[in-house]
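Residue strings, one per chain:
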Amino acid sequence: MLPGAGTRRRVLVSRRWIQAAALVAVFGFFVMGLLAFRTYTAGPPVPRLVVSESGQELFTGRDVAEGQKVFLANGLMQYGSVLGHGGYLGPDFTADYLRRAATAALRAHGGGDRAREQVRQEFRANRYDPRTGVLTYTRAQADAFTALTRHYRGYFADPRTDKGLRPNAITDPRQIHQLTAFLSWTAWIASAERPGAGYSYTNNWPAEPLVGNAPTADIVLWSVVSLVALLVGIGALFGAVGRWGGHLGWRGRQAETIDFRSPDRVALTPAQRVTAYFFLVVALLFLAQALLGGATEHYRADLTSFFGFDLAELLPFNLARTWHLQLSLFWVVAAFLAAGIFLAPLMAGHEPRAQGTLAWTLLAALVVVAAGSLIAEGLSIHGFVRPGNFWGSQQFEWLDLPRVWQILLAAGMALWAVMMWRALRATLARDSRGNLPWLFFLSGLAIPGVYAVGLLARPGDTFTTTDFWRFWVVHLWVEDFLELFTTAMVAYMFVQLGVVRERVALVVIYLDVILYSAGGVIGTMHHVYFSGEPVEHLALGAFFSAMEVVPLTFLTVEAWSFVQLGARQHMESRTPFPHRWAVMFLVAVGFWNFLGAGVFGFLINLPIVSYYEIGTGLTANHAHASMMGVYGMLAVALGLFTLRYLIPADRWPERWAKVSFWSLNIGLAWMCFATLLPLGLLQLHESVASGYFEARSLGYLTGDPNTLLEWLRLPGDALFIAGGVLPFCRIAWLGVRHRGRPAAADPATGVTPAPRLSDIREPVDTA
Amino acid sequence: MIFTTEAVLAYGYAAGLLVTAAGLDRMARHVGRRPERHRIRPDHDTRVCPAGRTPRPADREPHLARPSACVACPGGPGCARPGGGEIVRAPRPWPHSEAGRFHRGLALVLVVLAASLTLIEAVRRPAWPDLALAAAMLTAIAVMARWLVRRLRATPAGFPEPGGKATDRDRYASVRKSRP
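In this text, all values refer to a predicted model and were calculated from it rather than measured experimentally.

**Concerning the overall build of chain A**
Reasoning step 1: When its secondary structure is counted, chain A shows 23 helices and twelve strands.
Reasoning step 2: Taking 2.2 N^0.38 as the reference for a compact globule, 767 residues should give roughly 27 Å; the C-alpha atoms of chain A span a radius of gyration of 27 Å, in line with that estimate.
Reasoning step 3: By its C-alpha atoms, chain A is 90 × 55 × 45 Å across when sized along the principal axes.
Reasoning step 4: Taking all 767 residues of chain A together, the buried fraction comes to 68%.
Reasoning step 5: Look at the contacts in chain A between residues 6 or more apart in sequence, and 81% of them connect residues 24 or more apart.
Reasoning step 6: As displayed, chain A offers around 25600 Å² of accessible surface, 64% of which is attributable to carbon and sulfur atoms.

Printed below as a string of structure tokens:
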């Protein structure tokens, strides 16, 4: 019992677990705090003014900020990229500007070896004066800026749609000037050397021989160190499992022999019944996301027409991709929130009055935020909204939704946290803060908390700082905190089913916190190797993100032990195990966690690989295999678990669940192995052999072998959508049609008792 | 080189897919049939360890054999952990059987993909040296596909029916005193 905790239940695990988890997490966030400080103090400067050698003003710092807003508002980060971050169809505009400017300068200097050396020196010399805030471009650089302003005017004001952009995307000369200023600034930080260093602000990224950009010694060194760290980490892991394996993971013996309750015997609380509508919304958003994914893929296979129809007039590539990414977060998060609503009363033993009403409110809020933000993004990309508008424009990749919708989404998740607190209040009051209900609640509370950190990325701020905070959401929130919450949730699901003992589940969660905090928190920095951060971000990011593979390996190995524990119970129960396909989706999560997040992630993680690879097909390969393979499959697993109790046993579409399971997995495997992986490998080869600029060009992407590989994805995508997503939609629809058996609320208090999912048949045998 | 670069890349990738498929099949074997360190003798409800003995379970950790038994055993270091010999019986069929089926199913998908790539490349570049490579590749794919299909058929899902009784009921596993 905790000191002074009154009647609280005592903590079920050793306090060392709690201390270790707290220590590792505090260390991780302490280092992140230091890195945040360094981001602001050692990031590249945005000059107050950029002038030519003759003193003529070229652009201002304000133009750079406004240009970034124009870039984002027009969805260009979902079309191409800057500093390697963004979409994969258009060019990387940093590399694009750098190559074109250097080529123009080379031409201006008359070509030849001397001119090459002169261009290299001009681009590498840092002529920024920190006292005055003025950056001076050489004459060749200034002329290149003027020439590139004309080039981008022609590029973005093109009335045709054969690049995947809407016609006449940006025609305002002022916006073109600002946009070019922004791109010019990114190219400047990519080539000008840091004061006191022999490499640029972006660690010499992108590879561009014309300006002398090649991998730095740090890039090579930290690649080697992180590789060694990985090998040592995995060795240590297996050593630890061998030594202390009996005390780690899902091992241990379940006490009782149990019978699973038939779903027909499980009476649900009002909020639990509302989750039927949540999962229908989840399924429809999933369908929309998959269809939009098909559309973006079609652009890569045939850029000029969608089976004879000019799709880019209405749904240009960047809008389709914006929605595709945005919806992937929406449906997965909505599924997690719904599963939380379903599980909370099981944990508490009852549901408080009006929880159902709150669930309806949350669902309505999510629908409004999803629809409102998607519409706003569409209006922004079609040019109806002013860049940087609070209500209608933001569009950082993955943080696409405009700020007002971003705030509302964070508020919606905070409402959900309040719901969790209402449901669990009594349980929390009588339980140790180190036990499962508190871990479930605190990990849930972190969901709105960490997501809200993304609000620190504002469209007009320096790109380097916005990227730093953006990856707190993209990596830390998605890959660490959602992972932690789902581990707690899945653990509790199986504690409720009676197949895992609470103490064993707790150990797994603490282990999860320790392992993910050790690698995942600081490992977030592997996304910002080349965003203008100082070299310590690269060093720490490389080292700790390599260590992330260790927990992924461990959890994959452990997944089988956990399933094994469950298996014992299935055989001994006299009633059928109701969650065959939920468990199989969890098996798939283990598989894709290892392959998609572990193998495909590590494939692109080393700084030296990332240097040539960032923003190419291998990133897409990792993103699809890990986002859909892990979070998507997990969301579907949670959906099937919940829907099992919402649909009467005799109406449960076992066959559709099976079809969905196989189709989603085969479709995803086909997607990765038929197209994304080989394309990525070929593109990486092209990047190293010919150059990053060439590997990102439309000419290369739409070349013969690439197009063939893109078309080869069609069968897998079709199976994924028709055989995987549609059956899941049908199951979700059945959930809404039946909505489970309602439990009766206490007329005096309004409290509804929560159902039990299993019954203990043989409580204890002391023999 | 007598083969075109594209053909070598395409068939090389197809061969890589076959190797990955073989790896998945191996994984399926691993997850579907976990190695058993102690044999169960249902007739006597006892276990026989790899050294041929019948160790008793430790008091605090019923899934471990008593350390004293393993320390004294010449084969102990090879099969026991510091806390004692681990008593792990082969898991019952489901979900390992179906997880194995899942891995074998995906392995077969990769073989189909390898076949598709090989055929497409053969149609695209129908020059004879490349076609010889394609023929060799298709032969390997056919052999692999046949092998995998047979193994997939031999891997039933094995989802348990209610009330199904296991023949090798494990007295150490199913009923034990709970420690909170």
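**A word on the overall build of chain B**
Reasoning step 1: Per the secondary structure count, chain B includes five helices and four strands.
Reasoning step 2: Taken from the N to the C terminus, the helices and strands of chain B come in the order α-β-β-α-α-β-β-α-α.
Reasoning step 3: By residue count, 44% of the 180 residues in chain B fall in the buried class.
Reasoning step 4: Within chain B, residue pairs in contact and separated by at least 24 positions form 66% of the contacts whose partners lie at least 6 positions apart.
Reasoning step 5: Surface accessibility of chain B: about 9400 Å² in total, with carbon and sulfur atoms responsible for 61%.

**Focus: the pattern of salt bridges**
Reasoning step 1: Evaluated as defined, the whole model comprises 28 salt bridges over all chains.
Reasoning step 2: The closest approach of N and O atoms between A:Arg300 and A:Glu710, which form a salt bridge, is 2.9 Å. Here A:Glu710 lies in helix 22 (residues 704–712) and A:Arg300 lies in helix 8 (residues 270–301), a separation of 410 residues in the sequence. Each member of the pair, A:Arg300 as well as A:Glu710, is classed as buried.
Reasoning step 3: Where B:Arg104 meets B:Asp25, a salt bridge forms, and the shortest distance between an N and an O atom there is 2.5 Å. Within this pair, whereas B:Arg104 is found in helix 4 (residues 96–124), its partner B:Asp25 is found in helix 1 (residues 5–32), the two being separated by 79 residues in sequence.
Reasoning step 4: Judged by relative accessible area, B:Asp25 falls into the buried class, the value being 0%.

**Here we look at the packing of helix 8 of chain A against helix 9 (residues 317–348) of chain A**
All names here are of chain A.
Reasoning step 1: Interaxial distance between helix 8 and helix 9 falls to 8 Å at its minimum, and their mutual angle equals 160°. With respect to helix 9, the axis of helix 8 lies roughly antiparallel. By crossing handedness, the relation of helix 8 to helix 9 is classed as left-handed.
Reasoning step 2: When grouped by side-chain class, the residues that make up the contact of helix 8 with helix 9 number 23 nonpolar, seven polar and one charged.

What counts and what doesn't
Residues numbered from 1 in each chain as written. Chains lettered and ligands numbered in written order. Predicted model: local features only at pLDDT ≥ 70, side-chain atom pairs only at ≥ 80, totals over all residues. Heavy atoms only, no water. Helix = DSSP H or I, 4+ residues; strand = E, 2+ residues; numbered from the N terminus. Rg over C-alpha atoms; globule rule 2.2 N^0.38 Å. Buried < 20%, exposed > 50% of the residue type's maximum accessible area, 1.4 Å probe, protein only. Contact = heavy atoms within 4.5 Å. Areas by Shrake-Rupley, 256 points an atom, 1.4 Å probe, with all protein chains shown as cover. Salt bridge = Lys/Arg side-chain N within 4 Å of Asp/Glu carboxyl O. Axes fitted to C-alpha atoms, helices over the stretch in contact; angles between N-to-C directions. Parallel < 35°, antiparallel > 145°, perpendicular 65-115°, else oblique. Left-handed = near helix turned anticlockwise from the far one by under 90°. Nonpolar A, V, L, I, M, F, W, Y, C, P; charged D, E, K, R; others polar.

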